[in-house]
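This is what each chain is made of:
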Amino acid sequence: MSCSLLEFCRLQELKTVRDYLFKSQQSEPAEEKSQTDQSLSFCFNPQVEEETTGQSGPWLQDCVVSLSPCSDLLVVAREQKAVFLSAKWRSDGSGREEMTLAVSWTGTLSTDEGECVSSSICIPLASQKRSSTGRPDWTCVVVGFTSGYVRFYTELLHEDPVLRLKCRTYEVPRHPGVTEQHEELSILYPAALVTIDGFSLFQSLRACRNQVARAAAAGSDVIQPPPLAYKKWGLQEMDTIVDHSSVGVMTLCVFDQMKNASILGGFTASVKGNPPAMSQYVTVGGGPYTGFFYAVEGSSQPLLSHVALAVASKLTSALFSAASGWLGWHKNKNEEETVQKQKPKVEPSTPLAIRFGLPDSRRHGESICLSPCNTLAGVTDDFGRVTLLDLARGISIRMWKGYRDAQLAWLQVPEERGEREFSPSASLPRRHALFLVIYAPRRGILEVWAMQQGPRVGAFTVGKHCRLLYAGYRLMGVNSVTSQGWQLHTQQVCLLDPITGAMRTVNIPFHLALSDKKSERAKDMHLSKRLTALLRSREALESLLSNKNAPVSCLINVTSALYDTLKQQGKEVDTALLQLCSSQLKLLQLYTNIQQLHSAADTEQDSLDGIEEELSRVGPTLQRYAQLTSRPSVSFAQDSPDSLLPAQAFLSQIECTEDGELRVIRGSDTEWNQLGNFLFWGCLCGKSPLHKVCDTLQQAGISPQQLLSLLLSVWLQREKEVLQKPGETVRNLHTLLIALSSMKGAVEESWDPQSISPWWQQVRCTCIQSHNAAAALLAAFVAHRAAKASITSLADSKLQSEWEAVSLELEQWVVCVHQLEDVLVLQTLLLVPPPQGAAGGAAAQCSIKLLLEGGTGGIADSVSKWVFRHSLALIYVFHAASFPPHCPLCFAELLVAVCQRFPHSLSPDLLFAHCCWEYVVQWNKDPEEGGYLRWAVEHLKLVSSPHIQLGISAMMWSTFIVKRFSSAAYLIEKVGKAPKDRLCRRDVGMGDKAVTSFLGCCVQLLQILMEADSAVEEVSAPELSVEEAWCGAEGPASIAELALEQRGVHYPLVQHHCLLASLLHAAMTFGVKVKPLSLFDSKGKNAFFRDLTTIQLMPSGDMDPGLVSLRQEVNPDILKRHLVCELYNQGLDPRAEEVMMEVEDKDVLGSQLLVLTGQRLSYSLLHSQSQTQPAMELLARLPPTLCTWLKAMDPSELRCPLVPLPQTSRLVGRLIEILPENHAQYSLALHLLEAVEALTSDD
């Protein structure tokens, strides 16, 4: 028996943890805020954090991770954020209970600006109840920050960053004479070490928690926590300190006492009678590499800190459980807002000089890990070495190399009680073996070494991004009295894999610490005892049967031998084990028989009379469906359905009942399909004798209902293979279905053909729920024929007449087949892949069940989503010849075929309405895609019924449009002109160009609404209906039905909004400086953005003179200048010169035309594909300022860049005329004139 890694827990939400700690957190969920109003807070103030670091590598190495020794709480923190994961139990697929760690709270721990989490530990506090068995009462999380705060939450002990938090708890002495160590919490700062007595801390935490609970129950914030005693040492004569270990209280022997006195005091030093007790601290860092400090007990008085406990209402008690508590030792949040925050007084430290160290000027220590026996410590350094220290002698006794960034842990393994019987020291206390665990992330290996000079006893290949978690302590608050009879359930070492979320512990047998000779003997005895105990129970047989490597013949031989042996024992036989052997032998024999039958070819043939016609009718659709579903995909060999089902899997899925029959255990879908493949796929392919297989299964005692379910599952699952040879597979399916139907217990003998048969209803239910439309349709064809033959034969035996039997069962099959044919055509259309670069999204899956549950609009909704994925306009449905070039004509035919199959559900108005709604929904998800809203309006125009058009327009306006429309109106009113892109994104949620397109769509939508409202009275409302086969649809109403239920709109109010929309669209399009809402009186303003179905007070026809004058303030000269620029932009220079004569502000016009001229010249010199040699020479002669200016121009804004040079030269001449000589850009215009003339002369 060797070392092993055992998984004992798994993290379920690693992605959630990583995303929260490394990605931006936009807002705190509302549920979390509402839940945190009834419990404690420790000054938590979640803030928005912007993290741009993409963490796809070893993200866990950048976090502060701490695990409770009881493995029931994990803390992962980074910078200001933290995630707490609590233990939960759940059942896996096989019904076994397993422990998981799930996220119980996320938030921000820091309270001071700029502080980050630097260290954390989880301390479980022991229960004081007499009935306790060793489980913790609650767990306290201690967090250290870079600001110097240590919060359980507690006060400021030192102003430097907290480097490391460590804890020491009570350990039961292994033998008399070992000094009991006091419990202690130690906090390391760069130049100071704070130690808190464990007993004092334990009592303070319990008292504070009790007071918090009482205050919360009374609704009060007044709490008087007890003071906390601690010692503070100033570590001297060491350059840098990065980690520490508090070894505990030690007493020197007389020789060491005299030696130290002679070294420190010289020849005249006096020696006390009794050696003093000293606390030993070991630090690592630099200068020296390792330092040893000794603090004599009584040399420093404990400091009393006055702790302020904060009670707020932000952290819910659901963090761990109703009994868990949190302590916040900090100022109250309300006090912080009213009184200026003052840091508490920082007590001075007591100087503590280094006694001695291990000097190495180039080596810097990184971490130190203390052994459970407090005699050894492992140290890592920046040279990639791991050093083993003897703390009693202060020397290095062993070193490993090649372990850069190593993580250390210790394992103390007790000797098993059974092994003491063979030990010569059986009367002595139990021995303990000590092992050092080293995780080397660079190599991805976990090693176990025996101490002190022992060999490597174990090595495991693990991931390179794991974290080795080692607490080094247990429960706080335990002593020699309360620990009696306790069973402490703690994990010493845990390896956390951030890739899989698995948490594993290292299991090491004690005998690996013995010498070679004793180790082999102990190993053999250990293995012998385990085998003896195993063979005495039924676990031996179950373990053998579950072994994947054991061949079937071996399983049969062993089980048969055991069965024969048990039968010979007579009355003393274990009946349960005997029954297990009998049932497993029966299953193994069945497995062997089925496997042998699959190797025999089938010569039986069956006719397809009656089905061939149906196959030929749906043949083209089946062929097209097969082409669309036969795309190449990636799969693993072990997941292939053609792989042989192992005997162990077969045994685990079938059990033997008390009456000797077999029952299939319904597990996961994958296991169910694998069993179905093993039993029936060979029969469906024609490779196995069908009737022999069915007879074998019937004799085994498996119910025909379960066999039918397995047959249908494999038929539907392997649809692609079925469609490759539909004729052969359908024939074999028919034979199997007939054989199963003839089994005893399949079709009831008393079944009346005028009622529904449960047997055939099972087939129908499976086909109705299946997403594999083609396979389900073929199965329905076969089942319909088999049911019809069964009913006909039954009617012939009863009626003895020539009348054709009419059955309710056959009517059900007719409806089911019709529905499946509809679904096949629809699914074929939905499988058509979208063009490259389209909106995308997975192809929708449909079945009879889904379409019925989708309501009367479910079919139209599926097609509308397909239309969106393909970016189509449904005008092409009725003009297939004008179908877009990216869609082949066969797809247009498919769409028309679907509409013909559903003449009512896919009537033009319903389809246009659903497409309109789908496009506007997608636009609402991404408002930047203005084309979606335009397509929605275009589809709305195609709706012929004004009633549906009116309802959908009103729903679009109230649901998606009016909120953004009002935001745009208020923004333009506030700015007084067309707002910039940044303001549009902030207030409206889209860019300035998208806002312009959106307002144009608003104008069209309101115009459609007015036209529909005018035409409603002239046309009666349409009557919506569905196909007879789909009349049983139950679900939400269609969009058209909802539209018909809408109330009528108030026409003047719609017209009022249309006027505003036109103003806003013009302001954004032409860049007009205007405040649109100010152009309306108070009644007009109040009527805006109201419900269009309500009657509002509208402006009267008499206009306010002040309002008229305000409207006249719109400067027409702006529109004229815009028109001139647009005409020049289109290359219509003569027309532009005519309009230019009417412009008054020639200076502004000259600046605008100067840019347009630069764009023309930039295109001729830099962007034209036919650049001439003279043009290149001219570009080299241009002044640098003009050349840089031309390169900055963007000719893409020109709608007609190819303008003759004489026209551009004339335009520059006009610029010289209208620009004054003192204009800032006059010299630039002269340079342009010279350049254009030079180009003209060269041509």
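Given the structure is predicted, the values throughout are model-derived calculations rather than measurements.

Chemist: I'd love a proper account of the overall build of the protein, names of residues and values included.
Modeler: Looking only at helices and strands, the protein has 38 helices and 31 strands in total. The buried share among the 1243 residues of the protein stands at 49%. Within the protein, counting contacts between residues at least 6 apart in sequence, those at least 24 apart form 71% of the total. Carbon and sulfur atoms provide 51% of the accessible area of the protein, an area that totals close to 60300 Å².

Chemist: Let's hear about unusual backbone geometry: which residues, and what values?
Modeler: A cis geometry characterises the amide bond from Gly287 onward to Pro288, with omega recorded as 5°. Following the sequence through the fold, Pro288 ends up in the loop between β14 (277-286) and β15 (290-296). The peptide bond linking Met451 to Gln452 adopts the cis configuration, its omega dihedral lying at -5°. Of note, the phi angle at Ser71 is positive, near 60°, even though the residue is not glycine. As for its position among the elements, Ser71 is in the loop between β2 (64-67) and β3 (73-78). Of note in the backbone geometry, Glu237 takes a positive phi value of approximately 65° without being a glycine. Here Glu237 is to be found in the loop between β12 (228-235) and β13 (240-251).

Chemist: If you had to explain the side chain of Ser367 to someone new, which residues and values would you point to?
Modeler: Structurally, Ser367 is set in strand β19 (residues 365-370). Looking at Ser367, its side chain comes within polar contact range of the side chain of Thr380, at 2.7 Å. With near-sequence residues (within four places) excluded, Ser367 lies in contact with Asp243, Val284, Gly378, Val379 and Thr380.

Chemist: How would you explain the pattern of salt bridges if you had to name every residue and give the values?
Modeler: A side chain with one charge may pair with a side chain of the opposite charge, provided their charged atoms come close. For the structure on display, the rule yields 36 salt bridges. Across the salt bridge formed by Arg986 and Asp987, the nearest N and O atoms sit 2.8 Å from each other. For Asp987, a relative accessible area of 31% corresponds to the partly exposed category. A network of salt bridges, in which partner residues are shared, links Arg617, Glu821, Asp822 and Arg901.

Chemist: I'd love a proper account of the packing of helix α10 (residues 612-629) against helix α19 (residues 808-830), names of residues and values included.
Modeler: Packing of α10 against α19 brings their axes to within 9 Å, and their N-to-C directions diverge by 40°. The chirality of how α10 crosses α19 is left-handed. Residue-level inspection shows Arg617, Val618, Thr621, Leu622, Arg624, Tyr625 and Leu628 of α10 in contact with α19, the latter providing Glu821, Leu824, Val825, Gln827 and Thr828. Looking at side-chain class alone, the contact of α10 with α19 contains six nonpolar, three polar and three charged residues.

Chemist: Which residues make up the environment of Ser703, and what values do they have?
Modeler: Of note, Ser703 is situated in the loop between α13 (690-700) and α14 (704-717). Relative accessible area serves as the criterion here: at 27%, Ser703 is assigned to the partly exposed category. Expressed as a C-alpha distance, the spacing of Ser703 and Val664, which sit 39 residues apart in the sequence, is 8.8 Å.

Chemist: Any details on the nonpolar core? Residues and values, ideally.
Modeler: Within the largest apolar cluster, 178 residues are counted, with the highest numbers of intra-cluster contacts made by Phe650, Leu679, Trp715, Ile952, Ile961 and Phe965. Broken down by element, the residue count for this core peaks at 15 residues, all from helix α25 (residues 946-975). There are two domains that each give this core at least three residues, and those are domain 1 (600-629 + 642-826) and domain 2 (849-1111). Setting aside residues up to four positions removed in sequence, Trp715 forms contacts with Leu684, Val722, Thr729, Val730, Leu733, Ala775, Leu778 and Ala779. Grouped together as the second largest cluster of nonpolar side chains are 39 residues, Leu1154, Leu1178, Cys1187 and Leu1232 included.

Chemist: Residues and numbers for the environment of Leu778, please.
Modeler: Inspection of the secondary structure assignment puts Leu778 in helix α18 (residues 773-799). Classification of Leu778 by relative accessible area gives buried; the value is 0%. Sequence separation between Leu778 and Val722 is 56 residues; the distance between their C-alpha atoms is 9.5 Å. In contact with Leu778, other than residues within four places in its own chain, are Leu615, Leu622, Trp715, Val722, Leu723 and Val730.

Chemist: Pulling in residues and values, what's your account of the pairing of strand β21 (residues 385-390)?
Modeler: Taken residue by residue, a regular strand's side chains alternate between the two faces of the sheet. Taking burial as the measure, the six residues of β21 include five buried ones, the bulk of the element. Here strand β20 (residues 376-381) runs beside β21; their pairing, made up of five bridges, is antiparallel. Across the sheet, Thr380 pairs through a bridge with Val386, a residue of β21. Between the end of β20 and the start of β21, which pair antiparallel, lie three residues, with Gly384 showing a positive phi angle near 80°.

Chemist: Before we move on, could you go through the sheet that holds strand β7 (residues 136-145) and cite the residues and values that matter?
Modeler: If you walk across this open sheet you meet the three strands as β6-β7-β8, and the pairing is antiparallel. Here the strands that pair on one side only, and so sit at the sheet edges, are β6 (117-126) and β8 (150-151). Here β7 runs beside β8; their pairing, made up of two bridges, is antiparallel. Looking at β8, one finds that Gly144 is bridged to Val150. The strands touched by helix α3 (residues 198-218) within the sheet are β6 and β7, with β7 carrying the most contacts at an inclination of about 105°.

Chemist: Can you tell me about the sheet that holds strand β22 (residues 395-401), naming the residues and giving the values?
Modeler: The strand order across the open sheet built from four strands is β19-β20-β21-β22, with neighbouring strands paired in antiparallel fashion. Edge strands, defined here as strands with exactly one partner in the open sheet, are β19 and β22. Averaged over all adjacent pairs, the angle separating strand axes in this sheet is 20°, with direction ignored. Pairing of β19 with β20, which is carried by five bridges, proceeds in the antiparallel orientation. Within β20, the position partnered with Ile368 by the bridge is Val379.

Chemist: Kindly report on a nonpolar patch on the surface, identifying the contributing residues and their values.
Modeler: Judged by side-chain polarity, Val254, Met258 and Val271 come together as a nonpolar surface patch covering roughly 270 Å² of accessible area. Inspection of the secondary structure assignment puts Val254 in helix α4 (residues 254-265). The exposure class of Val254 is exposed, given its relative accessible area of 52%.

Chemist: Give a detailed account of helix α12 (residues 669-684), specifying residues and quantitative values.
Modeler: Residue Phe678 marks the point of greatest curvature in α12, where the axis turns by about 45°. With 12 of its 16 residues buried, α12 lies for the most part within the structure. Immediately beyond the C-terminal end of α12, within one or two residues, lies Gly686, with a positive phi of roughly 80°.

Chemist: Go over the packing of aromatic side chains with me, naming the residues and quoting the values.
Modeler: For the structure shown, the criterion picks out 19 aromatic pairs. A centroid spacing of 5.0 Å and a plane angle of 90° characterise the contact between Phe1080 and Phe1088, whose relative ring orientation is edge-to-face. Take Phe1080 and Phe1088: they sit in the same class, and that class is buried. The ring of Trp813 has Arg764 sitting right over it, with the charged end atom 5.1 Å from the ring centre.

Chemist: So what's going on with helix α23 (residues 908-925)? Which residues, and what values?
Modeler: Over its 18 residues, α23 extends 26 Å from the first C-alpha to the last, a length consistent with the 26 Å expected when each residue adds 1.5 Å. Within α23, 14 of the 18 residues are buried, which leaves the element mostly enclosed by the surrounding structure.

Chemist: Explain the confidence of the model for the protein to me, and be specific about the residues and the numbers.
Modeler: Here the protein averages 79 in pLDDT, while 79% of its residues score no lower than 70. Taken as a whole, residues 306-341 scores under 50 in pLDDT and shows 106 contacts with residues more than four places along the chain or in a different chain.

Chemist: Explain the pairing of β15 residue by residue, including any values.
Modeler: Taken across its seven residues, β15 has six buried, putting it largely inside the fold. Counted between consecutive antiparallel strands, the loop separating β14 from β15 contains three residues, among which Gly287 sits at a positive phi close to 65°.

Chemist: Can you tell me about the environment of Ile395, naming the residues and giving the values?
Modeler: Turning to its location among the elements, Ile395 is positioned in strand β22. Given a relative accessible area of 33%, Ile395 falls into the partly exposed group. Residues Ile395 and Gly357, spaced 38 residues apart in sequence, show a C-alpha to C-alpha distance of 9.0 Å. Not counting residues within four places of it along the chain, the set of residues in contact with Ile395 comprises Leu388, Leu389 and Asp390.

So, how was this worked out
- Residues numbered from 1 in each chain as written.
- Predicted model: local features only at pLDDT ≥ 70, side-chain atom pairs only at ≥ 80, totals over all residues.
- Heavy atoms only, no water.
- Helix = DSSP H or I, 4+ residues; strand = E, 2+ residues; numbered from the N terminus.
- Buried < 20%, exposed > 50% of the residue type's maximum accessible area, 1.4 Å probe, protein only.
- Contact = heavy atoms within 4.5 Å.
- Areas by Shrake-Rupley, 256 points an atom, 1.4 Å probe, with all protein chains shown as cover.
- Polar contact = N/O pair within 3.5 Å; in protein donor to acceptor, adjacent residues only side chain to side chain.
- Salt bridge = Lys/Arg side-chain N within 4 Å of Asp/Glu carboxyl O.
- Axes fitted to C-alpha atoms, helices over the stretch in contact; angles between N-to-C directions.
- Left-handed = near helix turned anticlockwise from the far one by under 90°.
- Nonpolar A, V, L, I, M, F, W, Y, C, P; charged D, E, K, R; others polar.
- Core = buried A, V, L, I, M, F, W, Y, C linked by side-chain atoms within 4.5 Å.
- Domains from an automatic or database assignment.
- Pairing = 2+ DSSP bridges.
- Patch = residues over 30% accessible without salt bridge, like charges linked within 9 Å, V, L, I, M, F, W, Y side chains within 5 Å.
- Bend = angle between axes of the 7 residues up to and from the residue.
- Phe/Tyr/Trp six-rings, centres within 6.5 Å; stacked < 30°, edge-to-face > 60°.
- Lys NZ or Arg CZ within 6 Å of the ring centre and 35° of its normal.
- Expected span 1.5 Å × (residues − 1).
- pLDDT = per-residue confidence, 0-100.

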